[in-house]
Amino acid sequence: MATPIKEWSKLEVRAVVRFLFSKGTKPSEIHKQIAETYGEGAMSRSRVYQWCTWFGEGRTSLGDEPKSGRPKTSTNEENTTRVDELIRCDRRMKIREIALKLEIPKSTVHEIVHETLGYRKVSARWVPKMLTEDHKLQRVEILQRLLQRCQQDNGDEDTTHIGVRPGRDFQANNNLFENLITGDETWVHLNTPETKRDSMTWKHPSSPVTKKFKVQRSAAKVMATVFWVAKGVILLDILPQDQCINAAPYCSTLDRLKEAIRRRRPGLLRRGVVLQHDNATPHSANLTQQWLQRYGWEILPHPAHSPDLAPSDFHLFGPLKRHLGGMAFET
């Protein structure tokens, strides 16, 4: 038995097919001889029949015919410029739309966009409200007033720059920070499950896979109002279950805040309380304003629709909810 040929080329096998076909050998016998000589993977049975048909129609070439379709030169400078112009006109245009408009393959557009031009698609940054020009102007005016207040309390007459003198600690010498109390409200669910990020643990490659079941937050929730100073929380007030806050409960909370200040920060009432809260309806109601005027508390202005998160949102409310989530509240 002949030893199969291990190294061969496609042109060599095709030449054998043409030679045997010209001698009148049937295609089935040609496939059998090729499989015995070159191995089963040299040419399939259907391919042998196809080449025999072509040779019977008068074909003489053993090479591949030029394929129809687009050339592989579509990734050129001209197409790169056209793609860049389309993206600059419409930053949200999809790769599929660019390919259809320019009549070039999607794979080519993908290569031009990501590798040649270096674009990457990102989501827009979410902000609570789109600020108008009036909102922006009001924000600048309020911040300028706050800056002047800080500089005056720091003993700096020059209000054109931040009032920090060489060798002095701005916050330590500023009465505004010593007298400032800030507060906000948040909903606290009676059952706040541990987040996936909180459950992250260190492990070795050989450690078993940790599992965490998805647990929904409880529908029952309470409104918590938190007031805090630079040194920590001074009052945590919780309303009965599912009760929202309005002007009257907020004034009652301010009464409890005043008592908490008297017990925990007695000198603050004498120096004068500076309160900062947002522009929510309970805070700006007439009843609340009358309470604040009666006790002479100063209110720091708060920019309306500020896109920036308050310190309570990312420094206080997260740990607070994780601490109170598993506790039972009295209603």
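- Looking at an unreviewed UniProt entry, one finds the chain named Histone-lysine N-methyltransferase SETMAR and attributed to Plakobranchus ocellatus.

1. A short note on the overall build of the chain
So, point 1. Scanning the chain from N- to C-terminus turns up 13 helices and five strands.
So, point 2. Out of the 331 residues belonging to the chain, those deemed buried represent 32%.
So, point 3. Taking all contacts inside the chain whose residues are at least 6 apart in sequence as the whole, residues at least 24 apart take part in 62%.
So, point 4. Carbon and sulfur atoms form 52% of the exposed surface of the chain, whose accessible area is close to 23,000 Å².

2. What about the confidence of the model for the chain?
So, point 1. Per-residue confidence for the chain gives a mean pLDDT of 80, with 82% of residues at or over 70.
So, point 2. Mean pLDDT per element in the chain: helix H13 (residues 311-324) is the minimum at 66, and helix H12 (residues 286-295) is the maximum at 93.
So, point 3. The model gives residues 157-173 a pLDDT under 50, and that stretch makes 26 contacts with residues more than four places away or in other chains.

3. Considerations on the pairing of strand E2 (residues 221-229)
So, point 1. The buried fraction of E2 is high, at seven of nine residues.
So, point 2. For strand E1 (residues 180-189) and E2, the ladder comprises eight bridges, and the chain directions are antiparallel. Along E2, the bridge assignment pairs Gly183 with Phe227.

4. A word on the environment of Lys196
So, point 1. Looking at the element boundaries, Lys196 is found in the loop between E1 and E2.
So, point 2. Distance in space between the C-alpha atoms of Lys196 and Lys212 is 7.7 Å, their sequence separation being 16 residues.

5. Side note on the pairing of E1
So, point 1. With nine of its ten residues buried, E1 lies for the most part within the structure.
So, point 2. Where E1 and strand E4 (residues 274-276) come together, three bridges link them in parallel fashion. Residue pairing for E4: Thr182 is matched across the bridge by Gln276.

6. Overview of a nonpolar patch on the surface
So, point 1. A contiguous nonpolar patch, built from Val233, Leu236 and Ile238 and spanning about 200 Å² of accessible area, is present on the exposed surface.
So, point 2. By the secondary structure assignment, Ile238 is in strand E3 (residues 232-238).

7. What to know about the environment of Tyr119
So, point 1. With respect to the helices, strands and loops of the structure, Tyr119 is situated in the loop between helix H6 (106-116) and helix H7 (133-153).
So, point 2. Taking the C-alpha atoms as reference, Tyr119 lies 9.5 Å from Asp84; in sequence the two are 35 residues apart.
So, point 3. Discounting chain neighbours no more than four positions away, the residues touching Tyr119 are Asp84, Ile87, Arg88, Arg91, Val113 and His114.

8. Here we look at the sheet that holds E1
So, point 1. Reading across from one edge, E3-E2-E1-E4-E5 is the order of the five strands in this open sheet, with mixed pairing throughout. Single-partner strands in this sheet number two, and they are E3 and strand E5 (298-299).

9. Here we look at the packing of aromatic side chains
Aromatic rings considered in pairs are described by the distance between their centres and by the relative angle of their planes.
So, point 1. Scanning the model with the defined rule gives six aromatic pairs in all.
So, point 2. Consider the rings of Trp8 and Tyr38, whose centres lie 6.5 Å apart with planes at 80°: the pair is edge-to-face. Here Trp8, found in the segment before helix H1 (10-22), pairs with Tyr38, found in helix H2 (residues 27-38); they are 30 residues apart in sequence, far enough to count as distant.
So, point 3. The class for Trp8 is partly exposed, based on a relative accessible area of 31%.
So, point 4. For Tyr38, a relative accessible area of 10% gives the class buried.
So, point 5. Arranged with centres 4.9 Å apart and planes meeting at 80°, the rings of Trp51 and Trp54 form a pair that is edge-to-face. Here Trp54 and Trp51 lie together in helix H3 (residues 45-56), a separation of three residues that amounts to about one turn.
So, point 6. In this structure, Lys221 packs its charged tip against the face of Trp187, placed 4.6 Å from the ring centre.

10. Overview of the nonpolar core
So, point 1. Ranked by size, the top nonpolar core spans 20 residues in total, and within it Ile181, Phe227, Leu254, Leu257, Ile261 and Trp297 carry the most contacts.
So, point 2. At the level of secondary structure, the elements contributing two or more residues to this core comprise E2, E3, helix H9 (247-264) and H12.
So, point 3. The element that contributes the greatest number of residues to this core is H9, accounting for six residues.
So, point 4. If sequence neighbours within four positions are ignored, Trp297 has contacts with Leu254, Leu257, Lys258, Ile261, Leu269, Val273, Leu275, Trp291 and Leu292.

11. Section: the packing of helix H4 (residues 77-89) against H6
So, point 1. Contact geometry for H4 and H6: axes closest at 10 Å, N-to-C directions at 80°. Relative to H6, the element H4 lies roughly perpendicular. Between H4, through Asn79, Thr80, Val83 and Ile87, and H6, the contact on the second element is made entirely by Ile112, Val113 and Thr116.
So, point 2. The class makeup of the residues in the contact of H4 with H6 is four nonpolar, three polar and no charged.

12. Regarding H3
So, point 1. Taking 1.5 Å as the rise per residue, H3 with twelve residues should run 16 Å; its terminal C-alpha atoms sit 17 Å apart, in good agreement.
So, point 2. The set of residues buried in H3 consists of Val48, Trp51, Cys52 and Phe55. Taken end-on, H3 shows its buried residues confined to a sector of 105°, consistent with a single buried face.
So, point 3. The inward-facing, buried residues of H3 contact H1 and H2.
So, point 4. Where H3 ends, the next residue or the one after it, Gly58, has phi of about 105°, a positive value.

The rules behind each value
- Residues numbered from 1 in each chain as written.
- Predicted model: local features only at pLDDT ≥ 70, side-chain atom pairs only at ≥ 80, totals over all residues.
- Heavy atoms only, no water.
- Helix = DSSP H or I, 4+ residues; strand = E, 2+ residues; numbered from the N terminus.
- Buried < 20%, exposed > 50% of the residue type's maximum accessible area, 1.4 Å probe, protein only.
- Contact = heavy atoms within 4.5 Å.
- Areas by Shrake-Rupley, 256 points an atom, 1.4 Å probe, with all protein chains shown as cover.
- pLDDT = per-residue confidence, 0-100.
- Pairing = 2+ DSSP bridges.
- Patch = residues over 30% accessible without salt bridge, like charges linked within 9 Å, V, L, I, M, F, W, Y side chains within 5 Å.
- Salt bridge = Lys/Arg side-chain N within 4 Å of Asp/Glu carboxyl O.
- Phe/Tyr/Trp six-rings, centres within 6.5 Å; stacked < 30°, edge-to-face > 60°.
- Lys NZ or Arg CZ within 6 Å of the ring centre and 35° of its normal.
- Core = buried A, V, L, I, M, F, W, Y, C linked by side-chain atoms within 4.5 Å.
- Axes fitted to C-alpha atoms, helices over the stretch in contact; angles between N-to-C directions.
- Parallel < 35°, antiparallel > 145°, perpendicular 65-115°, else oblique.
- Nonpolar A, V, L, I, M, F, W, Y, C, P; charged D, E, K, R; others polar.
- Expected span 1.5 Å × (residues − 1).
- Arc of directions from axis to C-beta.

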